[in-house]
Each structure stands twice: as C-alpha cells, then as structure tokens.
Amino acid sequence: MRNKGSSKQLNLIIILMIILIVLMGVLVGVTLMEKKGSQAVSASADSQSQEASESTKQPSSEPDAEKEEEETSSEDSQPSSEESREQIKQEPKPAKRPYIPPVQQVIEQKVFDKEGASYEAKEIIKNGYITNGNIALRNRTFNENLYITSEAKDKPIVLQNVIVKGKIVVSGCQKLTLHDVAAREVEIITSNRENEVIVSGASTIERLTLKNSCYLDESGVKAPFEGVKEILIEKNPGVLWIDADLSCADVNSIYANEISNITLDRESSAKTVIAAEAVHLGGTGDVKRLDVYADNVTYFAKPYEINVSDKADYPSHSKEKLNLLKK
C-alpha cells in the first residue's frame, strides 16, 4: 500500500514539472514574438526616415555634379606654376601712392594776452606776441619771431615744447623758463637788471644776447642737448655795465662788447671769452681761453690761455667786480 501511494505522488510531481516546463516555454515564445515585432517596427521606421532623407538629398546632387564639373574645368584652365611665374614677371605691380601729410595752416600772427593762461594747442605761427605775464605757452612753432612785450612786466613766462626759427625778443618779464625749447636766439632787452633765464630739458639756444644784466641757470638741461651755446653781451646806451651770472652753464664762447662782470660758478665753463671792453671774470668756473682787446680786464680764476692784442694791457688778478662809469 505504501509503495502504491508513493508512486502516485511521484507521478503527480512529474506531471506538475511537465506543466511548469510547458508554461515556461510558452512565456519564452511570447517574449520572443514581442521582441521580433518591436524590431520590425523600428526597422520599418528607419527605412522610412532613410527614404525621406534620400528624397531630400536628391535635389542637391545635381549642383554637386555641377560643382565637380566646374572644379575640373577650373583645374584645366589654371596655368602651370611656370606659366604663372612668367605672368607675374610680365605684369608690373601697381605703384603705391606715397603718403603726403596734410598741410597745416600757418597763422600770420597771434597774440597771447590772457594773464595766468596756459596755451596748449599745436599751432604753426609766423610771429607771436606775449602781452601779459603768468603765461605758459606750449606746443608752438614760430617760423619767425616770438616777442615778449613790456606789458608782461616782472611776471614769469614759461615756454615748453616750442620751436622759434628766429628770435625770442624779451622786452618784459623777469623770469623766462625755457623747457624743451629750440631757438636761434634769445635777446634780453628789458629795462630790468634782475632778469632770469632758466633753460632745462631738451633745449638748445644758439645764442643768448644780453643788453641788460641776466642770471642764466642751465642745471636742468639734459644731455646730449647743449642749452645755450654762445653768449653775446651787446652795447646798450641805457646801462652802465652788464652783469652776466652763469650757473651750471657750459658755453662755447662769450663775446663781451660792453663793460661787464661775467661770473661763472664752479659748475660752469667757457671755451673762449673775448673781451672787447673792460671785463671782470669772476667765480671759480673754467675759462679755457681769454682773448683781450681792451684795458681794465681782470679775472679771479686765471684762464688756461691768455692772448692780448698790442693795443691792450695785460689782464690782472682781482676779486672785485667792475663798477666803471662810461666815458
């Protein structure tokens, strides 16, 4: 009895296992069918999109073909490298037009008369007039002369970055500052005996003409610029003598055509001093050569070389300045 019951149970288990296997096979078949269907749908969609893209590309195939034909024709029409070189040799290059800077207008004359003003504009002027004091004048070129009139009185004038092809004639102003200034001549003809000329920066003054006393300071001049090259002490019936005091000045020559006291500090020097009138050379500056053409010439520091004309007395050592009355 026990054997029959156990055989029945075994058969039941076998039947259940077979049913489970069949169900699993059915499930696997269903899932495979679903996958195949989705693949078929995606494949059909891809084919449709590909057909659409090919349909849109078809019109541009003709221009591409035309481009290929044009490229081949252009390649056929292009000359070889040797032919192109020959063409370059034969065809002259167009001439370049030279740059012509614009012509700046030249002002015939201009007056600078506002006290305390600073004139900055770049201008080219034939003749200029400064008729007041406390004026700064910059960035100008004067083709002829610049006049500082007596209306400037004893007030200062500053010139900066200025070119004067003629003279700077100073009838007024007590202190004249020249910074980055180029001029052929600066002429001091004021009635004031306490004139100051301050030269600095990139300045070159070919000649400083004194018709009255003047203090010259060149301590601010930058190398290789020379500042004042030559000093001319000129005759003036309105003065008894002229005092010329030099500070840090290195001049080529000093011509004394008027009774004068010329003082050189230890930082100053003169290559040549020509005394056509009574002159006293004061200070400790170096004078390389002294040419004497008049009596009453004295010196404090003896020059290295002294030349005396037949009509003049030999100069002597003295500490005193000249205070001679005119005959």
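Everything numeric here is computed off the predicted structure, so don't read it as measured data.

Enquirer: I'd like a description of the overall build of the chain, backed by residues and values.
Expert: A tally of helices and strands in the chain yields two helices and 22 strands. Taking all 327 residues of the chain together, 34% fall into the buried category. Put simply, 18% of the contacts in the chain that link residues at least 6 apart link residues at least 24 apart. Carbon and sulfur atoms make up 53% of the accessible area of the chain, which totals about 20,900 Å².

Enquirer: Describe the state of the cysteines, and please don't skip the residues or the numbers.
Expert: In the structure shown here, the tally under the stated rule is zero disulfides. Among the cysteines around C214, which has no disulfide bond, C173 carries the closest sulfur, lying 9.8 Å off.

Enquirer: Explain the side chain of N145 to me, using residue names and the numbers behind them.
Expert: By secondary structure assignment, the location of N145 is in the loop between β5 (140-142) and β6 (146-148). Within the structure, the side chain of N145 is placed 3.0 Å from the side chain of Y147, a separation counted as a polar contact. Every residue in contact with N145, bar those within four places of it in the chain, is listed here: K126, N127, G128, V164, G166 and K167.

Enquirer: Please set out unusual backbone geometry residue by residue, giving values where relevant.
Expert: Residues A223 and P224 are joined by a peptide bond in cis, for which omega reads 5 degrees. Looking at where P224 falls in the secondary structure, it is placed in the loop between β11 (214-221) and β12 (227-228). Although it is not a glycine, K153 adopts a positive phi angle of roughly 55 degrees. Although it is not a glycine, N161 sits at a positive phi angle of roughly 55 degrees. Mapping N161 onto the fold places it in strand β7 (residues 157-170).

Enquirer: Give me the packing of aromatic side chains: which residues, what numbers.
Expert: By the definition in use, this model includes two aromatic pairs. Ring geometry for F112 versus Y119: centroids 4.9 Å apart, planes at 70 degrees, classification edge-to-face. Seen from their ring centres, Y129 and Y147 are 5.2 Å apart, and the 15 degrees between their planes marks the pair as stacked. Taken together, the positions of Y129 in strand β3 (residues 123-130) and Y147 in strand β6 put the pair 18 residues apart, joining distant regions of the chain. Judged by relative accessible area, which is 24%, Y129 ranks as partly exposed. With relative accessibility at 27%, the residue Y147 sits in the partly exposed group. Above the ring of W241, the side-chain terminus of R193 is found at 5.6 Å from the ring centroid.

Enquirer: Let's hear about the pattern of salt bridges: which residues, and what values?
Expert: The tally for this structure, following the rule as stated, stands at 14 salt bridges. Close ionic contact of E226 with K229 constitutes a salt bridge, the shortest N to O distance being 3.6 Å. Overall, the relative accessible area of 40% leaves E226 in the partly exposed class.

Enquirer: Please set out a nonpolar patch on the surface residue by residue, giving values where relevant.
Expert: There is a patch of nonpolar side chains on the surface, built from L10, I14, I18, V22, V26 and V30 and spanning about 510 Å² of accessible area. If you trace the backbone, I18 turns up in helix α1 (residues 2-77).

Enquirer: Break down empty space enclosed by the protein for me, citing the residues and quoting the values.
Expert: Following the criterion strictly, the structure yields one cavity of 30 Å³ or more and no others. Empty space within the largest cavity amounts to approximately 30 Å³. Surrounding the largest cavity, V170, C173, Q174, L176, I188, N195, E196 and V197 form its lining. In terms of residue class, the lining of the largest cavity is built from five nonpolar, two polar and one charged.

Enquirer: Give me the lowdown on the nonpolar core, citing residues and values where you can.
Expert: Inside soluble globular proteins, nonpolar side chains tend to come together where they are buried. Judged by nonpolar contacts, the single largest core of 56 residues is most densely connected at L159, I168, L178 and I231. Sequence-distant contacts of I231, that is, excluding residues within four places in its chain, are made with L208, L210, L216, L246, V251, S253, I254 and Y255.

Enquirer: Lay out the pairing of strand β15 (residues 250-256) with the relevant residues and their values.
Expert: On a regular strand, one side chain projects to one face of the sheet and the next to the other, so that they alternate. Taken together, the four bridges between strand β13 (residues 230-233) and β15 define a ladder with parallel strand orientation. For L232, the partnering residue across the bridge sits in β15 and is Y255. Here β15 pairs with strand β17 (residues 269-275) via six bridges, running parallel. When the bridges of β17 are listed, V251 appears paired with A270.

Scoring rules and cut-offs
All residue numbers refer to position in the chain's written sequence, counted from 1. Given that this is a predicted model, residues contribute local features only at a pLDDT of at least 70 and side-chain atom pairs are listed and counted only at 80 or more, while totals for whole chains, interfaces and linings are drawn from all residues. The basis for every side-chain value is the complete set of non-hydrogen atoms in the structure, without hydrogens or water. Only DSSP runs of H or I covering at least 4 residues are called helices, and only runs of E covering at least 2 are called strands; the numbering of each starts at the N terminus. For the exposure calls, accessible area comes from a 1.4 Å probe over protein chains only, and a residue counts as buried if that area is under 20% of its type's maximum, exposed if over 50%, partly exposed in between. Between two residues, a contact is recorded if the distance between any of their heavy atoms is within 4.5 Å. Here the Shrake-Rupley method, with its probe set to 1.4 Å, supplies the accessible areas, and only the displayed protein chains count as covering residues. The definition used for a disulfide is geometric: two cysteine sulfur atoms within 2.5 Å. Here a polar contact means two N or O atoms within 3.5 Å. Within protein one must be a hydrogen donor candidate and the other an acceptor candidate, and residues neighboring in sequence count only if both atoms are side-chain atoms. Pairing of aromatic side chains requires ring centres within 6.5 Å, counting the rings of Phe and Tyr and the six-membered ring of Trp. Pairs whose planes differ by under 30 degrees are stacked, by over 60 edge-to-face, and all others tilted. The criterion is that NZ of a Lys, or CZ of an Arg, lies within 6 Å of the ring centre and within 35 degrees of the ring normal, and then a charge sits over that ring. Salt bridge, as used here: a side-chain nitrogen of Lys or Arg that lies within 4 Å of a carboxyl oxygen of Asp or Glu. Nonpolar side chains (Val, Leu, Ile, Met, Phe, Trp, Tyr) are joined into patches within 5 Å and like charges within 9 Å, using only residues with over 30% relative accessible area and no salt bridge. Grid spacing is 1 Å over the protein atoms alone, the probe is 1.4 Å, and a cavity is where that probe fits but cannot get out, while a pocket is an open set with protein on both sides within 12 Å along at least five of seven lines and lining residues have an atom within 4 Å of a point. Grid points are joined across faces, edges and corners, and a volume is the space filled by probe spheres set on the points. Gly is placed with the polar residues, together with every amino acid not listed as nonpolar (Ala, Val, Leu, Ile, Met, Phe, Trp, Tyr, Cys and Pro) or charged (Asp, Glu, Lys and Arg). Side-chain atoms within 4.5 Å are what join buried Ala, Val, Leu, Ile, Met, Phe, Trp, Tyr and Cys residues into a set we call a nonpolar core. For two strands to be treated as a pair, DSSP must find at least two bridges joining them.

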